Every structure is written in C-alpha cells, then in structure tokens.
Amino acid sequence: MTNKTDVIVVGAGPAGISAAITLAKAGKSVILIERGAFAGAKNVFGGAIYTQPTKEIFPDFEYEAPLERKIITHKYFLRNDSQELGVEYFNDIHDNAYTVIRGKFDRYMQKKAEEAGVVFVNETLVEDLIYDGKFVVGVKTELENYYSSIVILADGVNSLLAKQAGLRKEIRKQDVVLSVKEVIKIGEDKINERFNLTSGEGSAYEIFGEPMNGFFGAGFLYTNKDSVSIGVGVSLEDLAELKIRPYELLDKLKNHPRFVNLLKDGELIEYSAHLIPEGGYKRIPKLASNGVMIVGDAAMLVNNIHFEGTNMALISGKLAAETAVEALNKHDFSEKTLSLYKKKLQNSFIIKDLRTYRGVTPTIIKHRREFLDYYLSKVLEFFNIFTTVDSKPRRQKYQAYIKSFFTDRCPCKFFHEMFSLIKMVLGVLCGK
C-alpha cells in the first residue's frame, strides 16, 4: 500500500487534534486530514474551553495559546418579555475556563500537533472509507487514497463516515440543536466597563426563556478580549415544527433590554451556525468496529446540561488514541481490541456524567412547553409578588398564587408534570 501510516485521523477539531497529538507523542505515525484550509476554519462553538482537560493535551496552553479572557463570573438568567431573574457566581481564584476564538486557538493546537510529528493534510475532503474484508484500512479523498491500520473519525455531528462504518444511524431532529452565533466587536475598554471586568477577566452568560419560551434551547454570551460571542441554540425539531428562523431568535436576544446597552455600537465581525448533538447518554452510538473508532461530536459526546463539548472532545480523542497505541503494539485492530476505547470512556467522567443526566434531556423535551414556558413564567411571577409593594396583603397573593397551579391547568396534568420533575431529579441524585 502507498501512503501507509499507523493511524489516520479525519477532522482537525479538538477531538481529532487531541487524538493525533497523543499518537504522535507515543511514537506512532499519524496523518490528520482536514477539509478546511486550516484547523478551526470550519469549527464553531460557544466560546469557552476548560483548563483541566485542555492541560491533559496541552500542558502549557495557559502560557502559549491565544486566550481571550479567564472566566471569573457565570451568570444565569430566566426571562420573559418584561421580567428577568438572575443568579451570578463569582470566582476570581480558580482558573476553570477561558474564552477563546476557535480560528486562533485551533491553529495553535494544529501547530503543537505538527511540532509533535503529526502530518497535516488540509483542504482535503474524505469521501469514503476503504475496506479490506470487514476491516477499515484507509480513506478515499477526492485526490488520492490513504491507508492505515486504524482510522479515527472526528468529523463532527454529521459524520457520514460513521454511518458508512455502521456505527451510527441517521440523526433524529430531536437529538440535535442548531446553534447560531455572532461575534461582535465592541472594544476592550468598553467590555471592561459594561461587564464590570478588568483586562483579562471574562464573563459567561446562559439565558433561558425569552426569546426561546417553550423551546428546547438557550441563549449564551461570552466576553472575548475586545468582542463578545452571542448566540442561541434551539432544537432542530422545534425549529422545523414551529417554522422559526434561528437568526430571528438571535436578533430578539440581542435586542432584549438587558443586552441592548451591552452591545451598543458593536461591529459584527463573524456569523456562524453549527449543529450540536444533544441526545445525551441514550443516543451514544457504537464507538468502535474493525479498524475504526469515533470521537467527539461524531460520537454524540456532549453534555448539554453544562454546555460541555470541547472538554469531552479532547478527552475522547486522547482515550481513542491510547486505545490505538495498545492495538498497534499488539498488531490487533479488531473490534474486540478497539472496544477498549468504550471501557476507557465508561471509566472517565464523560460517560459517568452523561449517564447522570440521562433522564434530564428526555424529560425536558417531553415537557418543554410547560417547563420552559409556563413554570418559568410562574417562577418570575413569584418574584414579582415578592418584590411588589401595592398595599395588598401578601398572604392573599401567595394563596392565590398557589391556587393558580391547580386552576390554570388540569390538576392531573400538574401532578404528572411534578412526578416527572421529581423522578428526573432523583435520577440525577441517585443514579436511578
């Protein structure tokens, strides 16, 4: 075979680069194939990377990488048209996460991979897998064929190659979220002033409710050095069913009274859209077959409860590479041997966390109209009662408020929803 290498990695996102650099550091030959002009050219995410998992792959990234800001505040908001309830968590000591621009950060990762010995092949589309009997032994591109002992697929949520390998079926609309994002340049001094930050400090916002009332989705905002990344992620099923354009939701989010002044006089410098797997634990596909493994978004490894995807991509790529090293040393590339990757994932935080929240996403999706519209508005209504002074006895208002839960809707429906909520919470706390 010509162009033969130990491992081919398809896709130069965090999962693919993590796998490639781990293999190269172990002394294995690896080719990383990317359809974009450079790593990060086709990659989209909200805006934050997490320190601990990133250090596992790039120990010195905090001193070398093009970071934007260290996130010191996390802010969570429940909203309707005229009200908002916010919770803020501040931590200036713990270096937990940083905001980054993917186009810059991924090129840093690519550089580190090439320094480790990874051969990077850019602007190349992998069209198909090459088989020898039942084993994957390489990939076909529009220009030439590449051969290897193992292929690692890191080609994203729409991985056609994973489907060709029989590892995944067609994605259901309810298992993915369409995220649209804008990067708006404001200026470093204005960001510091408007978000109450100093240079190098950053904030992360998560928004539930308006303009996503009743939808399975949320809004987000991250502060960069001189810009902000703002966007929404909404279930593809809801977008199709309700015939809503995601950029219209993003416009509403930007024009909310809370954000108008924060974004004032900003200059749009980037617009992007991206599908994110949201199926959780129950939608994880088969992870390995003869000569092939899948990692990151291609393996549906995203924790939508905590907005975590990049950290899972990095670690899944590392674990797949470690499995590949063992398989290469044994000269055994069978599904049985590569299934060690699944065991490694199961022993990691990735599968454990996804399993912890396995009942959350299905429950929220099933009751999204109630949980993300009616009950959200009831939470805001309570705080309106609690803070309003109108010379009316509060006891009467509290009693009317409690009574409304039974008069607004069928009592049986209310108890069914509460039972589902309690069952979901117990599932998270007790692992049931």
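The residue count restarts for each chain, going from 1 along the sequence in the order it is written. With pLDDT at 70 or above as the cut-off, local features in this predicted model cover only qualifying residues; side-chain atom pairs require 80 or more to be listed or tallied, and sums for whole chains, interfaces and linings still use all residues. The side-chain quantities take in all heavy atoms of the structure and omit both hydrogens and water.

Examining the nonpolar core
Step number 1: Residues belong to one nonpolar core when they are buried, are Ala, Val, Leu, Ile, Met, Phe, Trp, Tyr or Cys, and are joined through side-chain atoms within 4.5 Å. Remark: exposure states derive from per-residue accessible area (1.4 Å probe, protein chains only) relative to the maximum for the residue type, with buried under 20%, exposed over 50%, and partly exposed in between. Counting residues in each nonpolar core, the largest one holds 74 residues, and the members touching the most others are Ile150, Ile152 and Leu301.
Step number 2: Secondary structure is summarised from DSSP: a helix means a run of H or I of at least four residues, a strand means a run of E of at least two, and numbering begins at the N terminus for each. Here the element with the most residues in this core is helix H10 (residues 310-330); it accounts for 11 residues.
Step number 3: The contact definition used throughout considers only heavy atoms, calling two residues in contact when any of these lie within 4.5 Å. Residues within four places of Ile152 in sequence aside, it is in contact with Val7, Ile8, Val9, Val10, Ala19, Leu23, Met293, Val295, Ala320 and Ala321.

Section: a nonpolar patch on the surface
Step number 1: A grouping of Tyr247, Leu268 and Tyr271 is seen on the molecular surface, where their side chains present a nonpolar patch of about 310 Å² in accessible area.
Step number 2: Looking at where Tyr271 falls in the secondary structure, it is placed in strand S15 (residues 267-277).
Step number 3: Residue classification places Tyr271 among the partly exposed positions, given a relative accessible area of 42%. Two distance rules govern patches: like charges are joined within 9 Å, and nonpolar side chains (Val, Leu, Ile, Met, Phe, Trp, Tyr) within 5 Å, applied only to residues with over 30% relative accessible area and no salt bridge. Note on areas: these come from Shrake-Rupley sampling with a 1.4 Å probe, and a residue is covered only by the protein chains present in the view. Here, a salt bridge means any Lys or Arg side-chain nitrogen found within 4 Å of an Asp or Glu carboxyl oxygen.

Describing the pattern of salt bridges
Step number 1: Here the structure, examined in full by the defined rule, presents 23 salt bridges.
Step number 2: The closest approach of N and O atoms between Arg172 and Asp175, which form a salt bridge, is 2.8 Å.
Step number 3: On the basis of relative accessible area, Arg172 is assigned to the partly exposed category, the value being 35%.
Step number 4: Overall, Asp175 belongs to the buried group, its relative accessible area being 5%.
Step number 5: In this structure, the salt-bridge partner of Lys344 is Glu326, at a minimum N-O distance of 3.5 Å. Of this pair, Lys344 sits in helix H12 (residues 340-346) while Glu326 sits in helix H10, and the two are 18 residues apart along the sequence.

Details of helix H8 (residues 246-254)
Working note: α-helix, 3.6 residues per turn, so residues spaced by three or four point in the same direction.
Step number 1: Taken together, the buried positions of H8 are Pro246, Leu249, Leu250, Leu253 and Lys254. The arc that holds every buried residue of H8, seen down its axis, measures 140 degrees, which confines them to one face. Arc definition: directions from the helix axis to the C-beta atoms.

Some thoughts on the packing of aromatic side chains
Step number 1: Ring geometry is summarised as follows: Phe, Tyr and Trp rings, the Trp one being its six-membered ring, pair when their centres sit within 6.5 Å, and such pairs are stacked at plane angles under 30 degrees, edge-to-face over 60 and tilted between the two. What the rule picks out here adds up to 12 aromatic pairs.
Step number 2: Aromatic ring contacts, followed pair by pair, group Phe382, Phe383, Phe386, Tyr398, Tyr401 and Phe405 into a single cluster.
Step number 3: The ring centre of Phe259 lies 4.7 Å from the NZ or CZ of Arg79, which sits over that ring. Charges are assigned to positions over rings by a cutoff of 6 Å between ring centre and Lys NZ or Arg CZ, combined with an angular limit of 35 degrees from the ring normal.

Details of the packing of helix H1 (residues 14-25) against H10
Step number 1: Every axis in this analysis is a line fitted to C-alpha atoms, fitted for helices over the stretch in contact. Angles between the N-to-C directions lie between 0 and 180 degrees. Contact geometry for H1 and H10: axes closest at 7 Å, N-to-C directions at 35 degrees. The two elements H1 and H10 cross, and the hand of that crossing is right-handed. Residues Pro14, Ala15, Ser18, Ala19, Thr22 and Leu23 of H1 pack against Thr310, Ala313, Leu314, Ser316, Gly317, Lys318, Ala321, Glu322, Ala324 and Val325 of H10.
Step number 2: Under the scheme applied here, ten amino acids are nonpolar (Ala, Val, Leu, Ile, Met, Phe, Trp, Tyr, Cys and Pro), four are charged (Asp, Glu, Lys and Arg), and all others, including Gly, are polar. Classifying every residue of the contact of H1 with H10 gives nine nonpolar, five polar and two charged. Left-handed describes a crossing whose near helix is turned anticlockwise from the far helix by less than a right angle; the clockwise case is right-handed.

Quick word on the environment of Leu268
Step number 1: Turning to its location among the elements, Leu268 is positioned in strand S15.
Step number 2: Judged by relative accessible area, Leu268 falls into the partly exposed class, the value being 48%.
Step number 3: Residues Leu268 and Val183 lie 85 residues apart in sequence; the distance between their C-alpha atoms is 6.1 Å.
Step number 4: If we skip the residues at most four places from it in the chain, Leu268 touches Glu182, Val183 and Ile184.

Brief notes about the pairing of strand S5 (residues 84-90)
Step number 1: Bridging between strand S4 (residues 67-79) and S5 involves seven bridges; their strand directions are antiparallel. Residue pairing in the sheet places Thr73 in a bridge with Phe90 of S5.
Step number 2: What sits between S4 and S5 in their antiparallel hairpin is a turn of four residues. Pairing between two strands is assigned when DSSP locates at least 2 bridges connecting them.

Things to note about the pairing of strand S1 (residues 4-10)
Step number 1: Extensive coverage of S1 is indicated by the burial of five of its seven residues.
Step number 2: As defined by bridge partners, S1 adjoins strand S10 (residues 145-153) across six bridges and the pair is classed as parallel. By the bridge assignment, Lys4 is partnered in S10 with Tyr147.
Step number 3: Across four bridges, the pairing between S1 and strand S2 (residues 30-33) is parallel. Opposite Ile8, over in S2, you have Ile31 as the bridge partner.
Step number 4: In terms of handedness, the path from S1 via H1 over to S2 forms a crossover that is right-handed. When the strands point away from the viewer and the path from the first strand over the helix to the second turns clockwise, the crossover is right-handed.

A closer look at H1
Step number 1: In a regular helix each residue adds 1.5 Å, so 12 residues correspond to 16 Å; H1 covers 16 Å between its end C-alpha atoms and thus fits that length.
Step number 2: With 11 of 12 residues buried, H1 is to be regarded as a mostly interior element.
Step number 3: Turning to H1, its buried residues number three or more, namely Pro14, Ala15, Gly16, Ile17, Ser18, Ala19, Ala20, Ile21, Thr22, Leu23 and Ala24.
Step number 4: Looking at the packing, one finds that the buried side of H1 touches S1, S2, helix H2 (51-57), helix H4 (102-116), S10 and H10.
Step number 5: Backbone geometry just downstream of H1 places Gly27 in the positive-phi region, at approximately 85 degrees. A helix is expected to span 1.5 Å multiplied by its residue count minus one.

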